[in-house]
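Observations on the three-dimensional arrangement
Each chain, written out:
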Amino acid sequence: MEILELYPYLAWSRKEDGTTASHILALSPSSFKSGTIYSYQYVGASPFTSPEKIAIALYKLIPVDDYKTSAVAARQSLRRSSFTERCKHYFKSGIKWICRGCPVLGIFYKAKEKHTYVMQLLEQLLEKDSQIQWNYASGDGRNPSKHNNYKKLQFDSVKETKKCIERPIILATKMGIIEMVKEIVNMFPESLEFIDEEAGKNVLHLAAEHRHEYIMEWLKSMKKRDLANLVVGIDREGNTALHAAAKLGEDKPWHIRGAAHHIQWECVWFERIKYLLPAHMITIKNSNNQSAKEVFTKTHKDLLENAEKWLKDGSNTCMLMCTLIATVMFASAFTIPGGNDQETGLPVLLKTSEFTPFIQYAAVSLFLSLLSLGLFLSIHTSRFNEEDFYVWLPLKTVAALTTLFDSLVFTIASFSQAYFLVTGWRFPVVMTVLDIAMAATDDVVRWEKIIQNM
């Protein structure tokens, strides 16, 4: 940024291929917070979500020096500030010193400092770009020839390149850099009307095509007038935003696990974009005489087949497990630990306090395993079309896996209770609480995931 202050013309200078500094930033998503693990959109990327949330919290709490506050002018203004402001400044300076010295906290500090510098550099680039457009393109009466680097600027601005260079907001939308898109729109509101040079797609088309949820949610929160202009946009091939969402490209979210999850998320994404469009645009056909639904069916054909195979193979394996558990639990209900009384035929350990939980665990495990078996059989005999993957198949899969896991938990509890009966070791209360807690925790986690994907 010091170089940019000394040589401001570098903000709009172009390389041989036509790119500017803004283009380079737009092609570097890892330089922004949204492209790193410190963004909430990547929570759950690893099996351990708690460390990720702790890292995000530390990232937010750690104060950093930006270019403005570390300048000499900022330090001079501090001398004229009040006593309370000075105390706050010195307190933050102490925390910064500790963060820079600590190996672990230093990682968060350097990352946040980098993101802060990048955002300030972006602001400077956009301000310089705004100034040059006003001074040299708006005709305000100034003489641009007096600028020392005007000839170089003029040469760079009209230079023809071999390939077409997209605008920074278009590149940032494709790369999913939400911070850059927001900053450009705040500085240049008319940039929402920009389209890419290749296909004529607007920002909404690109966000839908590249599956950028954060940009899509931000666009939905805009004024209705601005959103309406984007929604009715049609590219050069006659495609709406729903057509863009219907195409299966190489972009897919990081949280996708398997073909079935992928097709389910694609159906959810298609419905989310469909909700934005007015009714008369849903059935619009493109230049290939295809509606968005027809494009979705055509491009997702192979993925649908892979998802069907994935679900059938998984359900076959799980049905085998359910059958084994049901067989063992059915046999254990009639093979009582300790045997039966030869005269009455009743179990010998019937009057002990541990016998009733054993029978209850075995009965619940048998019931859950049979219920899970029926759910997996229902999945195996489904039609496997797009509508099924939107709601019913995910719900059946979650319910089947949940009941299977619970049946395993109660099977272990039944075995543990039988062990207590035979050995006389009494510790049933903790085991019961542990079993219920494990089952409840798994149910909550699974239902949260399915609700988030719907």
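Residues numbered from 1 in each chain as written. Predicted model: local features only at pLDDT ≥ 70, side-chain atom pairs only at ≥ 80, totals over all residues. Heavy atoms only, no water.

1. Looking at the packing of aromatic side chains
Evaluated as defined, the whole model comprises 6 aromatic pairs. Note on Y38 and Y59: the rings are 4.7 Å apart at their centroids and 15° apart in plane angle, and the pair reads as stacked. Of this pair, Y38 sits in the loop between α2 (21–26) and α3 (49–61) while Y59 sits in helix α3, and the two are 21 residues apart along the sequence. For Y59, a relative accessible area of 5% puts it in the buried group. Relative to W269, the ring of W265 lies with its centre 5.3 Å away and its plane at 10°, an arrangement referred to as stacked. Note that W265 and W269 are positioned in helix α14 (residues 258–276) at a spacing of 4 residues, about one turn of the helix. In this structure W265 comes out as buried when scored by relative accessible area, which is 4%. For W269, a relative accessible area of 0% corresponds to the buried category. These aromatic residues form a ring-pair network of at least three members: Y38, Y59 and F108. The ring of Y59 is capped by K112, whose NZ or CZ atom sits 5.7 Å from the centre of that ring. The residue whose ring lies beneath R167 is F194, and the NZ or CZ to ring-centre distance is 4.0 Å. (Phe/Tyr/Trp six-rings, centres within 6.5 Å; stacked < 30°, edge-to-face > 60°. Helix = DSSP H or I, 4+ residues; strand = E, 2+ residues; numbered from the N terminus. Buried < 20%, exposed > 50% of the residue type's maximum accessible area, 1.4 Å probe, protein only. Lys NZ or Arg CZ within 6 Å of the ring centre and 35° of its normal.)

2. Focus: the UniProt feature "transmembrane region" (unreviewed entry) in the protein chain
The feature "transmembrane region" (unreviewed entry), as annotated in UniProt, sits at residues 358–377, 389–413 and 425–445 in this numbering. A distance of 29 Å separates the end C-alpha atoms of residues 358–377, which is 100% helix and 0% strand. For the annotated span residues 389–413, helix accounts for 96% and strand for 0% of the residues, and the straight-line distance between the end C-alpha atoms is 35 Å. (UniProt positions renumbered as here; feature names shortened; annotations may be inferred.)

3. Some thoughts on the side chain of E266
Looking at the secondary structure, you find E266 in helix α14. By relative accessible area, which is 0% here, E266 ends up buried. Beyond its immediate chain neighbours, meaning those up to four positions away, E266 contacts R211, A245, L248, F296, H300 and L303. (Contact = heavy atoms within 4.5 Å.)

4. Quick word on the pattern of salt bridges
Following the criterion strictly, the structure yields 9 salt bridges and no others. Note that K201 and E209 form a salt bridge whose closest N and O atoms lie 2.7 Å from each other. A relative accessible area of 11% means that K201 is categorised as buried. Here E209 falls in the partly exposed class, since its relative accessible area comes to 22%. Linking D388 and R383 is a salt bridge whose minimum nitrogen-to-oxygen distance equals 3.2 Å. By relative accessible area, which is 9% here, D388 ends up buried. A single salt-bridge network, built from bridges that share partners, covers E213, E217, K220 and R272. (Salt bridge = Lys/Arg side-chain N within 4 Å of Asp/Glu carboxyl O.)

5. Describing the nonpolar core
With 74 residues, the main nonpolar core has M180, L219, I273 and F389 as its most contacted residues. With residues up to four places along the chain from it excluded, the contact list for I273 reads A208, M216, A241, L242 and A245. With 9 residues, the next largest nonpolar core counts I62, V64, C99 and Y109 among its residues. (Core = buried A, V, L, I, M, F, W, Y, C linked by side-chain atoms within 4.5 Å.)

6. With respect to a nonpolar patch on the surface
Taken together, the side chains of I3, L6, Y7 and L10 present a nonpolar region at the surface, about 420 Å² in accessible area. Considering the arrangement of structural elements, one finds I3 in helix α1 (residues 2–6). (Patch = residues over 30% accessible without salt bridge, like charges linked within 9 Å, V, L, I, M, F, W, Y side chains within 5 Å. Areas by Shrake-Rupley, 256 points an atom, 1.4 Å probe, with all protein chains shown as cover.)

7. Some points on the side chain of T403
Along the chain, T403 falls in helix α20 (residues 392–423). Here A400 takes part through its backbone oxygen, which lies 2.9 Å from a polar atom of the side chain of T403. Excluding residues within four positions of it along the chain, T403 makes contact with L368, L371, S372 and L375. (Polar contact = N/O pair within 3.5 Å; in protein donor to acceptor, adjacent residues only side chain to side chain.)

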